[in-house]
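# Results of the structural survey
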Amino acid sequence: MSENPEGAMVGRELERREDPALVTGRATYTDDLHAPGMAYLAFVRSRYGHATVEDIDTSDAEATDGVLGVYTWEDIEHSDTPGTIPVETGFLDNEIPGHPILADGRVRYHGQPVAAVVAEDRYVATDAADAVNVDYDRLDAVTDPIEATAEGAPEIFEGVPNNVVTVTDMGDADATAGAFEDADHTVEIELENNRLIANAMEPRAALAEYDDVEESLTVTMTSQSPHGHRGKLSDTLGIPENRIRVVAPSVGGGFGHKGHHHPGEAVAAWCSRELEIPVKWTATRSENYLAGAHGRDHRTTAELAFDDDGTIRGLKAETHAGLGGYGLGVSPALPGWYGRLLASQYDIPAIHCRTHSVLTNTAPVHSYRGAGRPEAIYVTERLVDRAARELDIDPAEFRRHNQIPPDAFPHETAVGANYDSGDYATALNEALDAVGYDELRTRQEDGNGRVDGNGRVDGRKRDDGRYLGIGLACFVESTGGGFESGVVRVHPDGGVTVYAGTHSHGQGHGTTYAQIVTDELGVPYDDIDVVEGDTDRIPTGTGTFGSRSTIAGGNAVAESAGEVADKARRIAADRLEAAPEDIAQEDGEFRVVGAPDRAVAFEQVASAAYSRQLPPDESAGLESTTFYDQDGTAYAFGCHAAVVAVDPESGEIEVERYVAVDDCGEQINPRIVEGQVHGGVAQGIGQALYEQAVYDDAGTLVTGSMQDYAIPKIQQIPTMETRSTVTPSPTNPLGVKGIGEAGTIAAPPALVNAVLDALAPFGVESIDMPLTEETVWRAIRESTN
Ligand code: MCN
């Protein structure tokens, strides 16, 4: 690493350089863009959850002034385009076709695109879409993933018996059964991981521009994974990848669902090719609710086996995961991977998890911030609390007793996860210390000696009539994975551009990648630009999801920067007639050690790299490309603690304290790390207390707008107290682990455990998210009656 003129930048709490444009409204989003001659696309969407499409009458829409085209599946079929977003079926038990970009005679979820209308004006397009008359024959619908597997349930795809696309077993069923037989105690819980909808500031949008002379397509769109979208557009439209450019400008957040390929972008591209004009589509918020990929939707029965002294012997889980009406990409396989994290922080000798991936008449389900890890940790942390209560052991003590000790890493769990490094007890202790755990428990126990009507001591009850609850969530999070490209290019004037295959949509890569490169290269931070989100400027990329960017993209740009720094040093040595090992880099110059007057500026070296002044065995140019592939998975971890006050009369919950202790290895920028924790916890609070996508029995989404689907407002988010520990990851040279999803993983179990703790005097043992006032009130009434 070179000496930076400004001192080391990695580890500094720099403000995000991208924020001024974002917070002053000057950033460019897809819907801000206008192309000459551009037309607007609107969809006719299915009104029903399950139906055959008998007839589509487009005549009124076609006759509307300003309408340029009205299209159905027949038009797609006749255009000799595949027209179907593929499902990666190789690993599935059942062959399911992909998602047709317009309905091919059947609709399988409310909101599925049935026809497309392109018009000169956005409002004309919407009105004309309303004028399309679709004749449906309704079919019975099923929206619950357990009911969908029952005998006689409506069949969603032919050839997929009981709507089960695949069943995945993880761990050792026999060993787990043995552990359960031998253990002193077992507890069982049933729980639902509620279905969620992503709420980015800009809903999904695409501006498609087909060039019929070049036979090439440019799609500017809300993407977390531009190269991934390019590949899917290629498959769906039959256009080779080298003729497609995907650009992702500011997207206003993604939270997972902008990594998946939906019909909207592909239909916009198809219409642009058909009409030979640019076509823009911007989903309304309600369209995003109806037909953007949803998240979670697990129903689980789980059991824990443990001994009198609190030692966990085994864990069993059986999960039905709703996939929605179609698979999208790898979505049918995703539920099968979730079991990989069920060991959480604990040394559990035997685990078995069976997951059923089930079609339902609902919007497709794919990854939503956390993608399987929140679901797994929720199961384990709920079980652990339940077991501690069964033994009347303090839940912190129960956890501590079972945590994998720091000297046991690397550690392979019973479900095959290879934990790289960890110090779980320290994170737990930090959280307990920060929240003042012992004092809170003493306060709960002492209470004021009240006895409720059933003769139970309710020490948790406070003078204001509300009940005090404390909840913990210890967690691990698999982060990183896949290769990533990182290019560092020094221009002849010494300026630097960094290109990475990831995409920042709120994470601040423009800041953190520049921090990494400035340290490696020894050039000023402000001289480094970071470019992401353009398949024509970046060689290739996997994209941003799975909290992988810092590990994969960060190490890719670090390695490239290191190679460029080595070459710059060799060129400087040649110009200074010294050996490279005798060259030091200081204050933007290369100097011969011991001869400070013999120096050459970085700019001169850059210029020499593009001239005939190169050393004889050096090639021209000063840039490097790395395709970085991480060695294993980095497991971030932490412990979050929530303190709640629950009013038993109204069911209202107040989150009085929220403490987050996170460990993401070395931190590039602690301020950004903290911001990521804040955002993730806010989303986790949303899942725990407010959010749920609800369908009625006919498959109609009844939470189709922000009036019905409650995302938390700022006054519902408590002030968070954040701390961190640092356990470097041996999987990568920067020693980093991801942080982008930690909050969504930890907050739901911390909060639900806190509320169950508060409700213990009422005998409430289980409750499902979201913990609305009504849910809490009913749980109290049902358990005390
Ligand atoms: N970071 C760091 N040191 C570390 C780890 C991370 O300084 N040890 C910094 C990174 O350099 C980066 C940020 O923290 O600037 C997040 O990094 P990382 O954990 O690698 O996660 P990704 O950048 O891959 O982001 C993905 C993750 C996911 S999967 C979702 S979903 C998500 C999230 O991040 N969606 C977000 N955070 C979001 N934040 C915003 N504002 N908007 C979204 O849509």
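Residue positions within a chain follow its written sequence, with the count starting from 1. Owing to the predicted nature of the model, reporting of local features is limited to residues with pLDDT of at least 70; listing and counting of side-chain atom pairs is limited to 80 or more, with chain, interface and lining totals taken over all residues. Side-chain metrics in this entry use all non-hydrogen atoms of the structure; hydrogen atoms and water are not considered.

Salt bridge, as used here: a side-chain nitrogen of Lys or Arg that lies within 4 Å of a carboxyl oxygen of Asp or Glu. Under the defined criterion, the tally for this structure stands at 44 salt bridges. We note a salt bridge from Glu88 to Lys232, for which the minimum N-O separation is 3.5 Å. Of this pair, Glu88 sits in the loop between strand E4 (84-85) and strand E5 (99-100) while Lys232 is found in helix H6 (residues 226-237), placing the two residues 144 residues apart along the sequence. The exposure class assigned to Glu88 is partly exposed, which follows from its relative accessible area of 35%. Notably, a salt bridge pairs Glu656 with Arg462, separated by 3.0 Å at the nearest N-O pair. One end of the pair, Glu656, is in strand E31 (residues 653-663); the other, Arg462, is in the loop between helix H13 (437-446) and strand E22 (467-479), with 194 residues separating them in the sequence. When accessible area is computed with a 1.4 Å probe and restricted to protein chains, residues below 20% of their type maximum are described as buried, those above 50% as exposed, and intermediate ones as partly exposed. Note on Glu656: relative accessible area 30%, which makes it partly exposed. Each helix is a run of DSSP H or I of at least 4 residues and each strand a run of E of at least 2, with the numbering of both proceeding from the N terminus.

Inspection of the secondary structure puts Thr380 in helix H10 (residues 373-391). A distance of 2.7 Å separates a polar side-chain atom of Thr380 from the backbone oxygen of Leu342. If sequence neighbours within four positions are ignored, Thr380 has contacts with Leu315, Leu342, Ser344 and Tyr346. Pairs of N or O atoms within 3.5 Å make up the polar contacts considered here, provided that, within protein, one atom can donate a hydrogen while the other can accept it, and that residues adjacent in sequence are counted only when both atoms are side-chain atoms. Throughout, a contact is declared for two residues whenever any of their heavy atoms are within 4.5 Å.

One requirement defines pairing of two strands: DSSP has to find at least two bridges between them. Here two bridges tie strand E2 (residues 51-57) to strand E6 (residues 106-107), and the two strands are oriented antiparallel to one another. Each bridged residue has a counterpart across the sheet, and for Thr52 the counterpart in E6 is Arg106. Pairing of E2 with strand E8 (residues 133-138) involves six bridges; the strand directions are antiparallel. Within the sheet, the bridge partner assigned to Thr52 lies in E8 and is Asp137.

Attention shifts here to the nonpolar core. Membership of the largest hydrophobic core comes to 95 residues, with the highest contact counts inside it found for Leu304, Tyr419, Val644, Tyr658, Leu751 and Leu759. The element that contributes the greatest number of residues to this core is helix H18 (residues 742-758), accounting for 11 residues. The residues touching Val644, leaving out its near neighbours within four places in the chain, are Tyr467, Leu468, Gly469, Ile653, Glu654, Val655, Glu656, Leu751, Ala754, Val755 and Ala758. To define a nonpolar core, start from buried Ala, Val, Leu, Ile, Met, Phe, Trp, Tyr and Cys residues and group those joined through side-chain atoms within 4.5 Å. Counting 42 residues, the second-largest nonpolar core is a separate cluster that includes Ala514, Phe590, Val605 and Leu614.

Considering the arrangement of structural elements, one finds Thr360 in the loop between strand E19 (350-359) and H10. Judged by relative accessible area, Thr360 falls into the buried class, the value being 0%. If near-sequence neighbours (up to four positions away) are discounted, Thr360 is found in contact with Arg108, Val142, Thr143, Asp144, Pro145, Ala148, Ile156, Arg195, Leu323, Gly324 and Gly325.

Our next topic: the site of the ligand. What surrounds the ligand is a group of 32 residues, the closest being Gln507, His509, Ser549, Thr550 and Ile739. Contact between the ligand and Glu666: a nitrogen atom at 2.7 Å from a main-chain N or O atom of the residue. Interatomic distance of 2.9 Å between a backbone N/O atom of Asn669 and an oxygen atom of the ligand. About the coverage of the ligand: the protein hides 95% of its 840 Å² of free accessible area. Of all the secondary structure elements, the ones that give two or more residues to the shell around the ligand are helix H14 (509-521), helix H15 (549-576) and helix H17 (670-690). Polar here means any residue other than Ala, Val, Leu, Ile, Met, Phe, Trp, Tyr, Cys and Pro, which are nonpolar, and Asp, Glu, Lys and Arg, which are charged; Gly is therefore polar. Considering only residue class, the shell around the ligand consists of eight nonpolar, 19 polar and five charged. For the domain bounds, the source is a domain assignment made automatically or taken from a database. Split by domain, the shell around the ligand shows at least three residues from each of two domains, domain 1 (19-27 + 481-629) and domain 3 (294-480 + 632-784). Distances are taken per atom, and a residue is near a molecule or strand as soon as one of its heavy atoms is within 4 Å of it. Each accessible area value is a Shrake-Rupley result obtained with a 1.4 Å probe; residue values ignore everything except the protein chains displayed when judging cover.

We now examine the packing of H15 against helix H16 (residues 602-609). Here the axes come from fitting lines to C-alpha atoms, over the contacting stretch only for helices, and the angles between their N-to-C directions go from 0 to 180 degrees. Close contact between H15 and H16 brings their axes to 9 Å; oriented N to C, the two are set at 95 degrees. For the element pair H15 / H16, the angle class is roughly perpendicular. Counting all contacts with H15, which are made through Ala568, Ile571, Ala572 and Arg575, the residues of H16 involved are Phe602, Val605, Ala608 and Ala609. In terms of residue class, the contact of H15 with H16 is built from seven nonpolar, no polar and one charged. For classification purposes, an angle smaller than 35 degrees is called roughly parallel, one larger than 145 roughly antiparallel, one from 65 to 115 roughly perpendicular, and anything else oblique.

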